[in-house]
Amino acid sequence: NSDLFNALPGSYGSICMLTKIKIRLIKMSKFIKVTYKTFSSAHDYIHAIKNLSKVDFIDSIYTKKNLFLMITGVYSDNVDNTKIIDLHSDYCPVYAAHIENILVKLKNNNEYIEHMATKDYIFRWDKGVFFVSNKKFGNSRLIRYLLGNKINSKNIYTLAHKKLNIKREYTRIFQDVMIPLNELPYILNWVDDNINIHPLWLLPITKKTNKELFHLPCKMNELYINIGIYGKVKKNN
């Protein structure tokens, strides 16, 4: 049953359990060179995505209205350990707070480059859960000293659900949606006008083959983008 089979992602075992799977492995380097670039319009951002040269990783942030931060990463082996950004120790800031500091540095520069350990890069959003705990936890040295790496996705989501159940607060959104890349300006305008949540997480996606186990029902080689909307609604029209 192809419909049930393709419904497995996100079903958490409610349909069935996979017992055997073949996975293509990618050789990893020890470090990743991370490049940050800003764009002042959706048109410029989309153009940059479509004309991007080969990278190993990419995601982006819609930091506020008409300001995009594109983050690309490439594997790197030869890096001075003294220049590696700390994103794993108990007392380091969450990644969202780290990005705020980078945005300040980008005001007078076209791009900013740094290096981090591959493991830190892959799990960089776990501490602080994207932007959920940035203001209260990410920038607080006291909270970081007391809680350290306990400010992770497992604990934060547990606390968030308990808070929502107690306060019956239904104006918070934790939702991902995927749309064709060219439709991004329309969706962002709607978000700005109706719920006014910033920042948003943007993850470009392309489909290169029909051989994936769980493939997207979309056109080959067409660019799509996942929008992560996490936060409290500031407008409710």
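Quick note: structure is the one above.
These remarks concern the structure in this document. Just so it is clear, the structure is predicted and the values come from calculations on it, not from any experiment.

1. What to know about the nonpolar core
In this structure, Tyr45, Phe68, Leu184, Leu200 and Leu202 are the most contacted members of the largest nonpolar core, which totals 22 residues. For this core, the secondary-structure elements that each account for two or more residues are α2 (42-50), β3 (67-76), α8 (184-194), β6 (200-206) and β7 (223-232). With residues up to four places along the chain from it excluded, the contact list for Leu200 reads Ser60, Ile61, Tyr62, Phe131, Leu188, Val191, Ile227, Gly228 and Ile229. Judged by nonpolar contacts, the second largest core, of 21 residues, contains Val34, Tyr36, Ala97 and Ile99.

2. Looking at the side chain of His98
Summarising the element assignment, His98 is placed in helix α3 (residues 95-105). Leave out the neighbours within four places in its chain, and His98 touches Tyr36, Ile85, Leu87 and Glu114.

3. Thoughts on the sheet that holds strand β5 (residues 172-180)
With antiparallel pairing, seven strands are arranged side by side in an open sheet as β4-β1-β3-β2-β6-β7-β5. With one partner strand each, in any of the chains shown, β4 (111-117) and β5 form the two edges of the open sheet. The mean angle between the axes of side-by-side strands here comes to 20°, regardless of whether they run parallel or antiparallel. Note that β6 and β7 share six bridges and pair antiparallel. Of the residues in β7, the one forming a bridge with Ile205 is Tyr224. Relative to β3, α2 is tilted by about 20°, and along the sheet it contacts β1 (31-39), β2 (57-64), β3, β6 and β7. Sheet strands touched by α8: β2, β3, β5, β6 and β7. Its angle to β7, the strand with the most contacts, is close to 10°.

Cut-offs used in this document
Residues numbered from 1 in each chain as written. Predicted model: local features only at pLDDT ≥ 70, side-chain atom pairs only at ≥ 80, totals over all residues. Heavy atoms only, no water. Core = buried A, V, L, I, M, F, W, Y, C linked by side-chain atoms within 4.5 Å. Buried < 20%, exposed > 50% of the residue type's maximum accessible area, 1.4 Å probe, protein only. Helix = DSSP H or I, 4+ residues; strand = E, 2+ residues; numbered from the N terminus. Contact = heavy atoms within 4.5 Å. Pairing = 2+ DSSP bridges. Axes fitted to C-alpha atoms, helices over the stretch in contact; angles between N-to-C directions.

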